[in-house]
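# Working through the structure, step by step
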Amino acid sequence: MKRIVLTALLSLAVIHTSAFAEAALTASVRGYEVSASLTGAAAGCAVTYTVYAPGDTLPAGPFVKAGETSANADGSADFGFTLPRSAPSGVYTVSAAAGGAAYEVTFTFRNTALFSGINAAASAEEVKRLLEADGNTLVNMDDYDGIPDDYKIKAAQFIFRQRPSGGYADSDALIDAYHMAAALVRVEAAEPDGSGAAAFFEVVKKYGGILGVDITAPGGDYYKIDAEGADAAKSVFRALTAGKEYRSPTDFQRAYTENILIAFFKTAAWPAAQNYTALTAASALSFDTGEKYQALQDKSLPFKAIIDGRNGISEVSDIDRLFNGGVTAAYDAQNKSDNSGKTTSPGGGVPSGNTTAFGSGAGRELPQPLPPDSADGIFSDLGGSEWAAQYIGKLYSLQIVNGVGEGRFEPEASVTREQFVKMAVTAFAFGQTDGKRKFADVAPDAWYAPYISTAAEAGIVNGVSEDAFGVGLPISRQDMMVMLYRALLAKGITPGGAEELTFADSGMVADYAREALGVMAARGMISGVGGNEVAPLAYATRAEAAKVIALAMEWNE
């Protein structure tokens, strides 16, 4: 039996002929139409053919099509058929017999129904319906079926959102987007603790090529911190799955890299913290190792500063700030002369005490005028949010807020409840305490635990339920104003009387928030958005949070 292999992708037909001149079998596919041709047979002889679907066993397996024709006077025979709309994607085999000889040829078919439908879909919901429709054979649904039901719409949203303006160029592009969606939502859905940690590991291992990370290669960053201790590795899992939504593999790669560094510095025992350069992820750090650092007699001091402030590390920029602040503190101490003209020792680095990850922002007494700084030249993504630049700049200069890396602030990104609590506690210089109020969703060793504990003890925050704080949830505009109002009262600052809320959607303001919003409105802290709405349930943005905190810090009543 002669075997001739042909690959025909969608409308592209590529013909391979037999090495034997006397006869050759070819086939091609365009859409759902398959055409086959036999040449070199005896004139008028009978030609029989059978078409086998992917996975069928020759010659006994079930078949898609069977038929018989006769060779023409020139010894050629043409035959064809239409694949059903539900035909699976894969390699099909055409088997033909003529004059006692047998021939085979294969062609590759990809069902384009899903491809065409998704390119024409008007919404993510429609994409989801198409994925789940009977007859979808373009993609392996095992990946999709393994996603929890409430995450399937996220996979559809990713596919819809990633679709180019002119649609996916071909089935391969759509399949790549589908696998990315399956990988990202599986990472989001993975449980980071207990047996879920192993499941998460398997997800990242399976989709590592798509996600752009390798957690199994000896010598890789994950391997190195796992060798230091399983707790460090699990902390990466927890951070990567804690309410995160990844819009692209790049988002995941950045989060993975940053959390490798955070896990390393939060768990490395001294002096292992100085071995950070062993991590390829170290390139994401912005340590200032210039003249001041080079002049230090004891170059371990900036690393000790990181260790001292490690409980306040929540972002890579916190690591940078602790190190760079440690360089400045050590350099200044080293070069400060006492009355006898001798140089004093810089000691053990940055003191822990009330110092938070924001350094000099702690210990201030309110009210204090804010410096006239601006974020111009600091962040490159404030276009459209220029109204907030001066507030962002002021808080940045006081080390109350920072960027997200690469010179970006992401002013329109939402703020989580724990992030805003950290900003408020730092801005109003509340001394951190262990506190007595405990929430079930606040791990004692989490970076935000001391801030939430302090805020709860001061009466600034309550949980979203009796035993849950609401970690990872975006903060609403009304809850942001309530927390800020309570912070002012806790510091002995009387904001003034409330005014009646006259916004078009004032009826949506919760009873517990009406006084706070009324006071803030009276002081010009809030104004209506489009249509004179206060949007109390909308999520607060980073730019909005910076503005209200900066204005509140200037109150002097």
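Bear in mind that the values here come from a model prediction, so they are computed numbers and not experimental data.

## A word on the pairing of strand β2 (residues 24–30)
- Extensive coverage of β2 is indicated by the burial of six of its seven residues.
- By the bridge criterion, seven bridges tie β2 to strand β3 (residues 33–39) in an arrangement that is antiparallel. Within β3, the residue paired with A24 across the bridge is T39.

## A look at the nonpolar core
- Residues F420, V421, F428, L484, M520, M525 and I549 are the most contacted members of the largest nonpolar core, which totals 66 residues.
- Only α14 (389–397), α15 (417–427), α16 (449–457), α17 (477–490), α18 (511–522) and α19 (542–553) provide two or more residues apiece to this core.
- No other element matches α19, which puts nine residues into this core.
- Excluding residues within four positions of it along the chain, M525 makes contact with M481, L484, M520, V548, L551, A552 and W555.
- The next biggest cluster of nonpolar side chains, apart from the first, holds 61 residues, and it includes V127, F264, A272 and V327.

## Focus on the side chain of S506
- Relative to the elements of secondary structure, S506 occurs in the loop between α17 and α18.
- For S506, the side chain forms a polar contact with the main-chain nitrogen of F503, separated by 2.8 Å.

## Section: the pattern of salt bridges
- As enumerated under the stated definition, the model contains six salt bridges in all.
- For R408, the salt bridge is made with E410, and the minimal N-O distance between the two is 2.6 Å.
- A residue is classified by how much of its surface remains accessible, and R408, at 18% relative accessible area, is buried.
- Residue E410 is classed as partly exposed on the basis of its relative accessible area of 28%.

## Structural notes on the packing of α15 against α19
- One can describe the packing of α15 onto α19 by two numbers: an axis separation of 11 Å at closest approach and a directional angle of 20°. If you check the angle between α15 and α19, you find them roughly parallel. Of the two elements, α15 crosses α19, and the hand of that crossing is right-handed. Between α15 and α19, the residues in contact are F420, M423, A424 and A427 and A545, A546, I549 and M553, respectively.
- Taken together, the residues that form the contact of α15 with α19 break down as eight nonpolar, no polar and no charged.

## Quick notes on the environment of V213
- Structurally, V213 can be placed in the loop between α7 (208–211) and α8 (221–228).
- Of the residues examined, V213 reaches a relative accessible area of 10% and is grouped as buried.
- In contact with V213, other than residues within four places in its own chain, are V204, G208, F252, Q253 and Y256.

## As for the sheet that holds β3
- Here three strands make up an open sheet; going across it, the order is β2-β3-β6 and the pairing antiparallel. Where the open sheet ends on each side, the last strands, each with one partner, are β2 and β6 (77–82). Pairwise comparison of adjacent strand axes, ignoring direction, gives a mean angle of 15° for this sheet.

## Concerning helix α2 (residues 124–132)
- Listed as buried for α2 are A124, V127, L130 and L131. Along the long axis of α2, the arc covered by the buried residues comes to 115°, so they all point the same way.

## Some details on the confidence of the model for the protein
- When pLDDT is averaged along the protein, the result is 74; 74% of the residues meet or exceed 70.
- In the model, residues 1–21 has pLDDT below 50 throughout and makes 57 contacts with residues more than four positions away in sequence or in other chains.
- Predicted confidence is poor over residues 337–371, with pLDDT under 50, and the contacts of this stretch with residues over four places away or in other chains come to 78 contacts.

Scoring rules and cut-offs
- Residues numbered from 1 in each chain as written.
- Predicted model: local features only at pLDDT ≥ 70, side-chain atom pairs only at ≥ 80, totals over all residues.
- Heavy atoms only, no water.
- Buried < 20%, exposed > 50% of the residue type's maximum accessible area, 1.4 Å probe, protein only.
- Helix = DSSP H or I, 4+ residues; strand = E, 2+ residues; numbered from the N terminus.
- Pairing = 2+ DSSP bridges.
- Core = buried A, V, L, I, M, F, W, Y, C linked by side-chain atoms within 4.5 Å.
- Contact = heavy atoms within 4.5 Å.
- Polar contact = N/O pair within 3.5 Å; in protein donor to acceptor, adjacent residues only side chain to side chain.
- Salt bridge = Lys/Arg side-chain N within 4 Å of Asp/Glu carboxyl O.
- Axes fitted to C-alpha atoms, helices over the stretch in contact; angles between N-to-C directions.
- Parallel < 35°, antiparallel > 145°, perpendicular 65-115°, else oblique.
- Left-handed = near helix turned anticlockwise from the far one by under 90°.
- Nonpolar A, V, L, I, M, F, W, Y, C, P; charged D, E, K, R; others polar.
- Arc of directions from axis to C-beta.
- pLDDT = per-residue confidence, 0-100.

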